[in-house]
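# Chain and residue survey
Each chain is listed here by its residues.
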Amino acid sequence: MEIENIFAARRSVYALGNEQLMPKDDITSLLEHVLKYAPSAFNSQSSRMVILYGDAYHKFWNITMKMLHKITPPEKLDSMIVKINSFQKGLGTVLFFEDENTIHSLEKQYPLYAENFPKWSQQSSGMLQYMVWIALSAHSIGASLQHYNPLIDDEIHHEYDIPDNWQLIAQMPFGSIAAPAADKTFIPINQRLKIFD
Ligand SMILES: Cc1cc2nc3c(=O)[nH]c(=O)nc-3n(C[C@H](O)[C@H](O)[C@H](O)COP(=O)(O)O)c2cc1C
């Protein structure tokens, strides 16, 4: 596929299925490759990932549903349940973390840039998230980006024995594409881009 088409084909896919289009081990290898080659400030490699499959994956969304039940207003309960159930129907979920120890040691090592490291860490995570999203999409695996942190942080750290210094940034449920994403609108590109030649 042309690179332009790869970018255009990546969408937020919420209607997931569990058709195993790609063996689980191949998905893991693909995501390992992405994690290895994603760029990071000062090559700090501050990003961490957890891939959940099978029971571990279903448990994640059960925990998230349980926590959401506590804070969701009654009139929004039905749509919340539909959304979380759609993530439960997929193949797995990627959790994205940033390692706070790496960030703090960079702040000490390079005091001149200290205030930038937390921002660069977030940016590095965003790049990794996008690379994972593109890699899955290029293999016809649908995914979306979710943010149930910090609501779920304590339970997730406890359940999966995640180190305290790994800060949860985002969650990406993925699976086969049960229904395509709806059309989306675009602001004219000339309102967003300036070119000087
Ligand atoms: C930084 C960032 C945060 C996002 N957070 C969420 C989120 O919490 N929940 C969600 O359903 N989608 C989230 N999205 C997805 C956007 O809503 C989506 O990318 C956008 O509407 C464009 O649609 P597309 O992904 O299908 O191209 C996020 C996207 C970005 C880049």
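Source: prediction; values computed, not measured.

## With respect to the overall build of the protein
Along the protein, the regular secondary structure elements total seven helices and five strands. For 197 residues, the compact-globule formula gives about 16 Å, and the C-alpha radius of gyration of the protein, at 18 Å, lands near that figure. The C-alpha extent of the protein, read off along each of the three principal axes, is 50 × 50 × 40 Å. When each of the 197 residues of the protein is scored for burial, the buried share is 27%. Within the protein, counting contacts between residues at least 6 apart in sequence, those at least 24 apart form 83% of the total.

## A word on the nonpolar core
Counting residues in hydrophobic clusters, the biggest one holds 29 residues, and the most contacted among them are Val94, Val132, Ala143 and Phe174. Broken down by element, the residue count for this core peaks at six residues, all from strand 5 (residues 166-177). In this structure Ala143 touches Val13, Trp133, Leu136, Ser137, Met172, Pro173 and Phe174, once residues within four positions along its chain are discounted.

## Re helix 2 (residues 24-37)
The terminal C-alpha atoms of helix 2 lie 20 Å apart, and with 14 residues this matches the ideal 20 Å at 1.5 Å per residue to within 8%. Those residues of helix 2 that sit buried are Ile27, Leu31 and Val34. Summarising the axial view, the buried residues of helix 2 lie within an arc of 55°, below the 170-degree limit, and thus occupy one face. Exposed and oriented more than 90 degrees from the buried face of helix 2 are Asp25, Asp26, Ser29, Glu32, His33, Lys36 and Tyr37. Structurally, helix 2 contributes buried residues whose contacts are with strand 2 (47-53), strand 3 (92-99) and helix 6 (117-138).

## Overview of helix 3 (residues 54-71)
Residues separated by three or four positions in an α-helix point in the same direction, a consequence of the helix having 3.6 residues per turn. The end-to-end C-alpha separation of helix 3 is 27 Å, in line with the 26 Å expected for 18 residues at 1.5 Å each. Within helix 3, burial applies to Tyr57, Phe60, Trp61 and Thr64. The buried residues of helix 3 occupy an angular sector of 85° when projected down its axis, which confines them to one face. Away from its buried face by more than 90 degrees, helix 3 exposes Gly54, Asp55, Lys66, His69 and Lys70. Residues of helix 3 that are buried in the fold lie against strand 2, helix 4 (77-88) and strand 3.

## Considering the environment of Ser140
By secondary structure assignment, the location of Ser140 is in the loop between helix 6 and strand 4 (142-143). As for Ser140 and Asp183, which are separated by 43 residues in sequence, their C-alpha atoms are 18 Å apart.

## Considering the packing of helix 3 against helix 4
Where helix 3 contacts helix 4, the axes come no closer than 9 Å and their chain directions differ by 170°. On the basis of the axis angle, helix 3 is roughly antiparallel to helix 4. Contact with helix 3, carried on its side by His58, Trp61, Thr64, Met65 and Leu68, involves Met80, Ile84, Phe87 and Gln88 of helix 4 and no other residues of that element. Class assignment for the residues of the contact of helix 3 with helix 4 results in six nonpolar, three polar and no charged.

## Details of the pairing of strand 5
Of all twelve residues that make up strand 5, ten are buried, and the element is covered over most of its length. The sheet contact formed by strand 1 (residues 16-17) and strand 5 spans two bridges and is antiparallel. Pairing of Gly17 across the sheet is with Ser176, part of strand 5. Where strand 3 meets strand 5, eight bridges bridge the pair, whose relative direction is antiparallel. Looking at the pairing, Phe96 lines up with Ala170 of strand 5. With two bridges connecting them, strand 4 and strand 5 associate as antiparallel partners. In the strand pairing of strand 5, Gly142 is matched with Gly175.

What counts and what doesn't
Residues numbered from 1 in each chain as written. Predicted model: local features only at pLDDT ≥ 70, side-chain atom pairs only at ≥ 80, totals over all residues. Helix = DSSP H or I, 4+ residues; strand = E, 2+ residues; numbered from the N terminus. Rg over C-alpha atoms; globule rule 2.2 N^0.38 Å. Buried ≥ 20, exposed ≤ 12 C-beta atoms within 10 Å, placed from the backbone. Contact = placed C-beta atoms within 7 Å. Core = buried A, V, L, I, M, F, W, Y, C linked by C-beta atoms within 7 Å. Expected span 1.5 Å × (residues − 1). Arc of directions from axis to C-beta. Axes fitted to C-alpha atoms, helices over the stretch in contact; angles between N-to-C directions. Parallel < 35°, antiparallel > 145°, perpendicular 65-115°, else oblique. Nonpolar A, V, L, I, M, F, W, Y, C, P; charged D, E, K, R; others polar. Pairing = 2+ DSSP bridges.

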